[in-house]
Amino acid sequence: MNQVLNVAVFEGDGIGPEIMAPTVDILRLLTSRASTYGLNFISLKGGATHYQKTGVSLPDDSLSTARKADAILLSAMGLPSVRYPDGTEISPQIDLRKKLNLFAGVRPVTVLPGQASPIARPDGKPIDFVLVRESTEGLFWSQGCGEVSHDEARETLVITRKTSQKLFEFTFKLAEQRRKTGRGKGLVTCVDKANVFRAFAFFREIFDAEAGNHADIAANHAYVDATALWMVQKPWEFDVLVTENMFGDILSDLGAGLMGGLGLAPSADIGEGHAVFQPCHGSAPDIAGQGVANPFAMILSAAMMLDWLGHEHDNKELLEHSEILREAVNALIMERKFLTRDLGGTSNTGAAANAIKSKLRA
């Protein structure tokens, strides 16, 4: 008997609707073949375009419905030209992280053997690591409430024991899952700046305490500046990295660069019972409406959603469909067919998405 799961869908801004529509179509195709689950998609309002029309970026009814959903699928949000009165951009994705306490931002970085990458790799070494970014605190904690005067501006960085403990528990569990599936080394690296800031020494202390509960997983430390260097010099040595919000924001884009661009960078923001899945890239208003946007990061985010739902509901078919979808995207990347122009190809959004569907039907 099918277990019907509700998926809240935010179409986003700019190219958001253009990459969300084919992604939902692909998920419907997978669902039509499912024998143990179904997906019910609920379209919700929110974003910069909605703010322009109504003065509200995330309506209360949208938040309420998203809170009750089994998962949240969110496309690119925000427009550079649409801002709050304080000058900051519209960012409902950050509001969702804070409202639903989505403390673990998961940013996978994958470069397959033989896949094109901006960096040279010995013998085409694969890159396969995950950056886990704390998503509710850190330097982002003071979003919208920083202190600004004529002569100075201040933002406050906050790290709490409660959130950090949950973050590290999640991270070590992820490392254990990766090792069991043969994808990871069983290594967690805490990325901080503990040599300068007391807040990061506190962060590291909590990490070390949690590491002591996982004798079968190796744990080490790295300063964020050194990590940025090593992500270029030897990224194949990483497995799971965990870090503060702002550091994670910056390093995740560097990780996307290793893969060839943000068009291949999916993400998830996960809490206790709630999760949002969204591409790492922005809304690209300069190409909106042209039908040339890369849908792969959105589709890979949907694959992450299926994987998370599979673990949450102990459903092997969801896990299998997640892997099938991920492999379909990887196959196109390796074949270098039906790639959009950001990846050096000439295909439009529809052709790239249809190629994925063809892989799934084969």
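## Regarding the overall build of the protein
Regarding its fold elements, the protein presents eleven helices and twelve strands. A globule of 362 residues ought to have a C-alpha radius of gyration of about 21 Å, and the protein, at 20 Å, matches this closely. The buried share among the 362 residues of the protein stands at 54%. Sequence-distant contacts, at least 24 apart, represent 75% of the contacts inside the protein between residues at least 6 apart. Between the centroid of the 36 positive side chains of the protein and the centroid of its 43 negative side chains there is a distance of 4 Å.

## A word on the packing of aromatic side chains
Under the criterion given, the structure shown has nine aromatic pairs. Here the aromatic rings of Phe168 and Phe207 are separated by 5.3 Å at their centres, their planes lie at 80 degrees, and the arrangement is edge-to-face. With Phe168 in helix α5 (residues 161-180) and Phe207 in helix α6 (residues 198-211), the pair connects residues that are 39 residues apart, well separated along the chain. The burial state of Phe168 is the same as that of Phe207; both residues are buried. With 6.2 Å between their ring centres and 65 degrees between their planes, Phe197 and Phe200 make a pair best called edge-to-face. Classification of Phe197 by relative accessible area gives partly exposed; the value is 46%. Here Phe200 falls in the buried class, since its relative accessible area comes to 2%. The structure contains a cluster of three or more aromatic residues connected by ring pairs, namely Phe168, Phe172, Phe197, Phe200, Phe203, Phe207 and Phe247. Its guanidinium or amino end placed over the ring of Phe140, Arg133 lies 5.0 Å from that ring's centre, counting from NZ or CZ.

## Considerations on the side chain of Thr171
The topology assignment puts Thr171 in helix α5. Accessibility expressed as a relative area gives 0% for Thr171, which makes it buried. Within the local environment of Thr171, its side chain forms a polar contact with the backbone oxygen of Leu167, the two atoms lying 2.8 Å apart. Residues in contact with Thr171, not counting those within four places in the same chain, are Val132, Val188, Val240 and Val242.

What counts, and at which threshold
Residues numbered from 1 in each chain as written. Predicted model: local features only at pLDDT ≥ 70, side-chain atom pairs only at ≥ 80, totals over all residues. Heavy atoms only, no water. Helix = DSSP H or I, 4+ residues; strand = E, 2+ residues; numbered from the N terminus. Rg over C-alpha atoms; globule rule 2.2 N^0.38 Å. Buried < 20%, exposed > 50% of the residue type's maximum accessible area, 1.4 Å probe, protein only. Contact = heavy atoms within 4.5 Å. Lys, Arg positive; Asp, Glu negative; His and termini not counted. Charge placed at Lys NZ, Arg CZ, Asp CG, Glu CD. Phe/Tyr/Trp six-rings, centres within 6.5 Å; stacked < 30°, edge-to-face > 60°. Lys NZ or Arg CZ within 6 Å of the ring centre and 35° of its normal. Polar contact = N/O pair within 3.5 Å; in protein donor to acceptor, adjacent residues only side chain to side chain.

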